[in-house]
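# Understanding the architecture of this molecule
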Amino acid sequence: MTVTFRLNGEDYRFRDDPMTPLVDILRQEHFLTGTKAVCREGFCGACTVHVDGEAVPSCLKPVGLLHGCEVTTIEGLSSGQEALHPLQAAFEAADAVQCGMCFPGMVMSLSAFMRDNPGACRAEIKSAMVGNICRCTGYERIVDTVVDCLDTHRQTTETAGSMNV
Amino acid sequence: MAQSVERSFTVAGSIDEALAARQQGAAVLAGGTWMMRDPLRGVDLPEAVVTLHRIPALSEVEVDPDHTVIGAAVTHAVLGRALRGLAGFEALVGAAVGAANPGIRRVATVGGNLCTLDFAAADLAPALLVCEAMVEMETFDGPKLIGISDFLRDRPTLLADAILTKVHLRRDLIASAHIRLPLRMAGDYPVAIVSIAVDKDKRFRIAVGSVEAVARRWTALEKALADEPGGFAPNPERAAELAAENNDFHGRDGTEADGWYRRQVLPALVKRGVAALLKTEGQA
């Protein structure tokens, strides 16, 4: 079976078993190893990618369901050659990353969450990341950084708004 | 990486196409959150699969004043957003937004939740039981409508020659609540689930999931509440007492918890459920 979808902005055609988990294609065919295959049960969140803008576990996504979809991995969020996503930059500035295993998934989950919930409170941020497990237990620093990032975004937006008025 | 390039994978564009594939022996692939874990359980993925996600009518939630229809391919996340704020659907919304984790909820579907035979901890099952939902199926002999209790009980037989297409709900509840007991905040299956609702005739409906292999109504407790002198005036403590007196569940042993524990926590969950109902009614 042939499945065609967009991967990090480029067309991609897959010809193999349509029940192949997306995470395996990313890592084994495209060497996009930022997406981690850890629990393979949808519990840990380390394999989270965006499919049509939604953060989903790629370990449980058979490629056959992706025909016509837009898939973005952590590498597609920013190649590292240009400016980082604001959340990535905030994590770097706050030195929030510990071992880094969970972080691509954290960034993919929380970047989509921040886009959809710019006014989120601390409790809502925590609820949004319950599917992303960190064995280093660095949750509070991650939450702090997301809170700061959203505050900065709000202040920037308000300033821009007041200037427009 | 791939198990087989010869696997049959039908992306159905219509119910008829899906049913035809089903008739040829294809398994229905919903969100994939259960089936994709088959290899971890030592189970081979099906050789033939049919998906429903490209059938537009099955991905919609229709909300009318008296009647709500939920397509089988609607995800938990979409369901939660569609019904949020509608009086009476608090339990169903709670089930949709509280199950598993956010990533799974964006993928896992209503149909998958109800049709996965060996998934005892399905959150939507008890919530739909207290709604007294009707399940619409497409069979080789035409469409069929069946009550959710009968569906859950008989689904191994029913689903042999049918596809669940929609779930129908009446708007006859005043308030409802969905109480679940996971061992952690997220990422594990709930030890026990209690959905509780009160309808326009002040009749209480209570359903339990995850304690036994299949979710069911707690009819003994419903009767005990109805038999209270003057009718049951919602009181969490009294509800818990009656739950303890009428606990007729046989808890299943599992990796998360032993059966006795699942059974033992039910009165406490009923107490929380009635307290949540009181809070909801107070806000109405």
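This text follows the structure it describes.
In this report, we go over the structure that sits alongside the text.

Quick notes on the rules
- Residues numbered from 1 in each chain as written.
- Chains lettered and ligands numbered in written order.
- Predicted model: local features only at pLDDT ≥ 70, side-chain atom pairs only at ≥ 80, totals over all residues.
- Heavy atoms only, no water.
- Helix = DSSP H or I, 4+ residues; strand = E, 2+ residues; numbered from the N terminus.
- Rg over C-alpha atoms; globule rule 2.2 N^0.38 Å.
- Buried < 20%, exposed > 50% of the residue type's maximum accessible area, 1.4 Å probe, protein only.
- Contact = heavy atoms within 4.5 Å.
- Areas by Shrake-Rupley, 256 points an atom, 1.4 Å probe, with all protein chains shown as cover.
- Lys, Arg positive; Asp, Glu negative; His and termini not counted.
- Charge placed at Lys NZ, Arg CZ, Asp CG, Glu CD.
- Pairing = 2+ DSSP bridges.
- Salt bridge = Lys/Arg side-chain N within 4 Å of Asp/Glu carboxyl O.
- Buried area = accessible area lost by both parts, 1.4 Å probe.
- Polar contact = N/O pair within 3.5 Å; in protein donor to acceptor, adjacent residues only side chain to side chain.
- Nonpolar A, V, L, I, M, F, W, Y, C, P; charged D, E, K, R; others polar.
- Core = buried A, V, L, I, M, F, W, Y, C linked by side-chain atoms within 4.5 Å.
- Domains from an automatic or database assignment.
- Patch = residues over 30% accessible without salt bridge, like charges linked within 9 Å, V, L, I, M, F, W, Y side chains within 5 Å.
- Axes fitted to C-alpha atoms, helices over the stretch in contact; angles between N-to-C directions.
- Left-handed = near helix turned anticlockwise from the far one by under 90°.
- Arc of directions from axis to C-beta.

## Quick word on the overall build of chain A
Tallying secondary structure elements over chain A gives 6 helices and 5 strands in all. Its helices and strands taken in sequence order, chain A reads β-β-α-β-β-β-α-α-α-α-α from the N to the C terminus. The C-alpha radius of gyration computed for chain A amounts to 17 Å, which stays within 12% of the reference 15 Å derived for 165 residues, consistent with globular compactness. Within chain A, the fraction of its 165 residues that count as buried is 48%. Excluding contacts between residues fewer than 6 apart, the proportion of contacts in chain A whose partners are at least 24 apart in sequence is 56%. Carbon and sulfur atoms make up 51% of the accessible area of chain A, which amounts to about 7,700 Å² in all. Charged side chains in chain A number 13 positive and 21 negative. The centres of these two groups are separated by 4 Å.

## A closer look at the pairing of strand 8 (residues 162-170) of chain B
Residues and elements named next belong to chain B. The element strand 8 is largely enclosed, with a buried count of 8 among its 9 residues. Sheet analysis places strand 5 (residues 67-71) next to strand 8, joined by 5 bridges and oriented antiparallel. From the neighbouring strand, Thr68 faces strand 8, where its bridge partner is Leu169.

## Thoughts on the pattern of salt bridges
Pairs can form between side chains of opposite charge whenever their charged atoms are close. Taken as a whole and judged by the stated rule, the model has 30 salt bridges over all chains. Among the ionic pairs, A:Arg122 bridges to A:Asp144, the shortest N-O distance being 2.7 Å. Residue A:Arg122 is found in helix 5 (residues 122-128), and its partner A:Asp144 is found in helix 6 (residues 139-164); the two are separated by 22 residues along the sequence. With a closest N to O distance of 2.9 Å, B:Arg205 and B:Asp172 form a salt bridge.

## Notes on the interface of chain A and chain B
Every contact between the two is made by 31 residues of chain A and, on the other side, 32 residues of chain B. At the boundary of chain A with chain B, total buried surface from both sides reaches about 2,600 Å², with 66% on carbon and sulfur atoms. Area buried by chain A at its contact with chain B is led by A:Met19, A:Leu60 and A:Leu65, which between them contribute 26% of it. In this structure, the salt-bridge partner of B:Arg7 is A:Asp17, at a minimum N-O distance of 2.6 Å. Linking chain A with chain B are 5 residue pairs in polar contact (both at pLDDT 80 or more), by the criterion used here. For the side of chain A that touches chain B, the secondary-structure elements that each account for two or more residues are helix 1 (22-29), strand 4 (54-57) and helix 5 of chain A. Here the residues of the side of chain A that touches chain B are counted per class, giving 16 nonpolar, 7 polar and 8 charged.

## Concerning the side chain of A:His50
Residues and elements named next belong to chain A. Within the secondary structure, His50 sits in strand 3 (residues 48-51). Of note is the side chain of His50, whose polar atom sits 2.7 Å from the backbone oxygen of Met108. Filtering out sequence-adjacent residues up to four positions away, His50 remains in contact with Ala55, Glu70, Val71, Thr72, Leu77, Met108, Ser111 and Ala112.

## Re the nonpolar core
Residue and element names in this part refer to chain B. Grouped together as the largest cluster of nonpolar side chains are 41 residues, with contacts concentrated most on Leu114 and Phe151. The set of elements that each furnish at least two residues to this core consists of helix 2 (76-83), helix 3 (90-98), helix 5 (110-115), helix 6 (124-130), strand 6 (134-139), helix 7 (148-158) and strand 8. Per-element tally for this core: the top contributor is helix 6, with 6 residues. Among the domains, domain 1 (8-170) and domain 2 (173-282) are the pair contributing at least three residues each to this core. Residues in contact with Phe151, not counting those within four places in the same chain, are Leu114, Cys115, Val135, Met137, Ile146, Leu158, Leu159 and Leu164. Listed in part, the 29 residues of the second largest apolar core include Leu181, Leu221, Ala243 and Val265.

## A few points about a negative patch on the surface
All names here are of chain B. Among the surface-exposed residues, Glu60, Glu62, Asp64 and Asp66 lie close enough to one another that they form a single negatively charged patch. Structurally, the position occupied by Glu60 is in the loop between strand 3 (48-51) and strand 4 (61-63). Overall, the relative accessible area of 38% leaves Glu60 in the partly exposed class.

## Considerations on the environment of A:Gly64
If you trace the backbone, A:Gly64 turns up in the loop between strand 4 and strand 5 (70-72). Residues A:Gly64 and A:Phe14 lie 50 residues apart in sequence; the distance between their C-alpha atoms is 9.2 Å. In contact with A:Gly64, not counting residues within four places along its chain, are A:Val3, A:Pro18, B:Phe9 and B:Val11.

## A short note on the sheet that holds strand 8 of chain B
Residues and elements named next belong to chain B. Strand order in the open sheet formed by 5 strands is 4-5-8-6-7, with antiparallel pairing between adjacent strands. The outermost strands of the open sheet, each flanked by one partner alone, are strand 4 and strand 7 (142-147). Pairwise comparison of adjacent strand axes, ignoring direction, gives a mean angle of 20° for this sheet. Where strand 6 lies against strand 7, 6 bridges are found, and the strand directions are antiparallel. Residue pairing for strand 7: Thr139 is matched across the bridge by Gly142. Contacts from helix 1 (residues 15-23) reach strand 6 and strand 8 within the one sheet, and its direction differs from that of strand 8 by about 135°.

## What to know about the pairing of strand 5 of chain B
Residue and element names in this part refer to chain B. Judged by how many residues are buried, strand 5 sits mostly within the fold: 4 of 5 residues are covered. Pairing analysis gives 3 bridges linking strand 4 to strand 5, with the strands arranged antiparallel. Bridge assignment links Val63 to a residue of strand 5, and that residue is Thr68. Here strand 4 folds back onto strand 5, and the loop between the two strands holds 3 residues.

## Comments concerning the packing of helix 2 of chain B against helix 3 of chain B
Residue and element names in this part refer to chain B. Relative orientation of the contacting elements helix 2 and helix 3 amounts to 145°, with a least axis distance of 8 Å. Regarding helix 2 and helix 3, the two cross each other, and that crossing is left-handed. Across from His76, Leu79, Gly80 and Leu83 in helix 2, the residues of helix 3 making contact are Leu92, Val93, Ala95, Ala96 and Val97. Residues belonging to the contact of helix 2 with helix 3 are distributed by class as follows: 7 nonpolar, 2 polar and no charged.

## Thoughts on helix 7 of chain B
An α-helical turn contains 3.6 residues, so any two residues separated by three or four positions project in the same direction. Residue and element names in this part refer to chain B. Within the sequence span of helix 7, burial applies to Ile148, Phe151, Leu152, Arg155 and Leu158. An end-on view of helix 7 places all buried positions within 130° of arc, on one side of the element. Opposite the buried face of helix 7, by more than 90 degrees, sit the exposed residues Arg153 and Thr157. Along its buried surface, helix 7 packs onto helix 5, helix 6, strand 6, strand 7 and strand 8.

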